[in-house]
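Structure at a glance
Now for the letters of each chain:
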Amino acid sequence: MSALVGHRYAKMNGIGNEIVVLDLRATQAVVTPAEARAIARAPGLAFDQLMVLHAPTTTGVDAYMRIYNNDGSESGACGNGTRCVAWMLLQGSRERAVTLATKAGLLPTTRDGDVTFTVDMGPPRLRWDEIPLSEPFADTTGVELQVGPIDAPLLHTPSVVNMGNPHAIFWVDDVKAYDLSRIGPLLEHHPLFPERANISLAHIVSPEAVTLRTWERGAGLTRACGSAACATAVAAARLGKTGRRVRVAQAGGELVISWRESDGHVLMTGPVELEHEGVLPASVFAGAA
Ligand SMILES: N[C@H](CCC[C@H](N)C(=O)O)C(=O)O
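Numbering of residues starts from 1 in each chain and follows the order in which that chain's sequence is written. Only residues with pLDDT of at least 70 are given local features in this predicted model, and only at 80 or more are side-chain atom pairs given and counted; all residues enter the totals for whole chains, interfaces and linings. For the side-chain quantities, the full set of heavy atoms in the structure was used; hydrogens and water were omitted.

Remarks on the overall build of the chain
Helix and strand definitions follow DSSP, with helices as H or I runs of at least four residues and strands as E runs of at least two, each counted in order from the N terminus. When you go through the chain residue by residue, the secondary structure sums to four helices and 19 strands. Atoms considered for the radius of gyration are the C-alpha atoms alone. The globule rule reads 2.2 Å times the number of residues to the power 0.38. In summary, the chain has a C-alpha radius of gyration of 18 Å against a globular reference of 19 Å for 289 residues, a match within 12%. Here the C-alpha coordinates of the chain stretch approximately 55 × 45 × 30 Å along the principal axes. Every one of the 289 residues in the chain was classed for burial, and the buried ones make up 54%. Residue pairs in contact within the chain that sit at least 24 positions apart in sequence constitute 61% of those at least 6 positions apart. All accessible areas in this document rest on Shrake-Rupley with a 1.4 Å probe, and a residue is counted as covered only by the protein chains that are shown. Carbon together with sulfur atoms contributes 52% to the accessible area of the chain, which is approximately 12100 Å² in total. All tallies of charge rest on Lys and Arg as positive and Asp and Glu as negative; His and the ends of each chain are not included. By convention, the charge on Lys lies at NZ, on Arg at CZ, on Asp at CG and on Glu at CD. Seen as two clouds, the 25 positive and the 30 negative side-chain charges of the chain have centres 3 Å apart. Relative accessibility under 20% of the residue-type maximum defines a buried residue, over 50% an exposed one, and the middle range a partly exposed one, all with a 1.4 Å probe and only protein chains included. Any pair of residues with heavy atoms lying within 4.5 Å of one another is described as a contacting pair.

Set out below in structure tokens:
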């Protein structure tokens, strides 16, 4: 039987980004890619990201998180899921702050209201080999990549940003005018991105507002992606398209993103929603492969 059976989970969402938080702090067990895929297929547990809590190994950290996409692959960041984790850890507590650790670094998170949280997503990484890209580009605000005919590309010159995970952002007039479910997987797996990439279409509404759609690496089209909102806000500010504080609207709702001047950290604010809680039943893993 899977060592995950009997551990507590919460099915949540962060503005429509489907999240399962699984608390493994009481065990040494680690989720395998096959187990992550089995949970994603279980009735009522379909997720875009699975946030797994492990006991912290460093003082001052409340939990270490491993983040899985629904294809079983791992990610270094998930903004919407991190707010859900903070909700779970602060549930019933008077504390207002938690510090979470991932393989990409520390994520201090504060509660701003009952269901509203701000995550310090840390500084973006902007050098080509930090994204990573497979070939050098001095300027990552626009790299050579296009979709469609060479002389009349449909999409071209994305900005690239690493927010703990790789993002490419194409600037468009209408985010709904493209078949992202067809274009997304081609770009996610493009040879320019040796670790694959999250692919976003962004429309600048005003210097304070952006509309966004994202095809997520390892999860496909989602209703919202927090790290994509952060990456887009950084890229838009670098290009002078917006200021350093923007509202980012996605299919599932809105986030406020601030790229702090003093230390270059990106702050993401938004709500979470609890759908149901329980303990993982053995049936989830029956016949898992
Ligand atoms: N939905 C997440 C990001 C998931 C990223 C994942 N698809 C990857 O980079 O592998 C968010 O709110 O930030």
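Additional details are given in the paragraphs that follow.
Describing the site of the ligand
What makes a residue near a molecule or strand is one non-hydrogen atom of that residue sitting within 4 Å of it. Neighbouring the ligand are 15 residues, the closest being N17, G79, R217, G226 and S227. N198 places a side-chain nitrogen or oxygen 2.8 Å from an oxygen atom of the ligand. In this structure, an oxygen atom belonging to the ligand sits 2.7 Å away from a main-chain N or O atom of S227. Protein contact buries 100% of the 360 Å² of open area that the ligand shows by itself. Using a 2 Å cut-off from the grid points, one finds that the ligand occupies the largest cavity. Broken down by secondary-structure element, the contributors of at least two residues to the shell around the ligand are α2 (79–90) and α4 (226–238). Delimitation of the domains relies on an automatic or database domain assignment. There are two domains that each give the shell around the ligand at least three residues, and those are domain 1 (8–119 + 272–285) and domain 2 (146–264). We call two N or O atoms a polar contact when they sit within 3.5 Å, provided that within protein one can donate a hydrogen and the other can accept it, with sequence-adjacent residues counted only if both atoms are side-chain atoms. A 1.4 Å probe that fits but cannot get out identifies a cavity on a 1 Å grid over protein atoms alone, an open set with protein on both sides within 12 Å along at least five of seven lines counts as a pocket, and a residue lines either if it has an atom within 4 Å of a point. By definition, a pocket or cavity contains a molecule when more than half of the molecule's atoms lie within 2 Å of the pocket's grid points.

A look at the UniProt feature "binding site: substrate" (unreviewed entry) in the chain
UniProt positions are given in the numbering used here, feature names are shortened, and annotations may be inferred rather than shown by experiment. Sites flagged by UniProt as "binding site: substrate" (unreviewed entry) map to N17, Q49, N69, G79, N80, N165, N198, E216, R217, G226 and S227. Considering only the residues just annotated, the largest cavity is lined by N17, Q49, N69, G79, N80, N165, N198, E216, R217, G226 and S227. Not counting the four nearest positions on each side in its chain, G79 is found in contact with V119, M121, G226, S227 and M268. Tracing the chain through its elements places E216 in strand β14 (residues 209–216). Overall, the relative accessible area of 3% leaves E216 in the buried class. When neighbours within four sequence positions are excluded, E216 is seen to be in contact with N17, Q49, N69, E188, N198, T222, A224 and C225.

What about the environment of M121?
Assignment of secondary structure puts M121 in the loop between β8 (116–120) and β9 (146–147). The buried category is assigned to M121, whose relative accessible area is 7%. Once the C-alpha coordinates of M121 and E135 are considered, the two residues, 14 residues apart in sequence, prove to be 26 Å apart. Leaving out residues up to four positions away in the same chain, M121 has contacts with G79, L107, M163, S227, C230, V266 and M268.

Focus: the UniProt feature "active site" (unreviewed entry) in the chain
Within this numbering scheme, the UniProt entry marks C78 and C225 as carrying the feature "active site" (unreviewed entry). The annotated residues occupy 148 residues of the chain but converge on a single region, no pair of C-alpha atoms lying more than 7.6 Å apart. None of the other annotated residues line the largest cavity; only C78 and C225 do. Among the secondary structure elements, C78 is positioned in the loop between β5 (74–75) and α2. Of the residues examined, C78 reaches a relative accessible area of 5% and is grouped as buried. Examined against the element boundaries, C225 turns out to sit in the loop between β15 (220–222) and α4. Residue C225 is classed as buried on the basis of its relative accessible area, which comes to 4%. Dropping the residues within four chain positions of it, C225 is found in contact with N17, N80, H167, T214, E216 and Q250.

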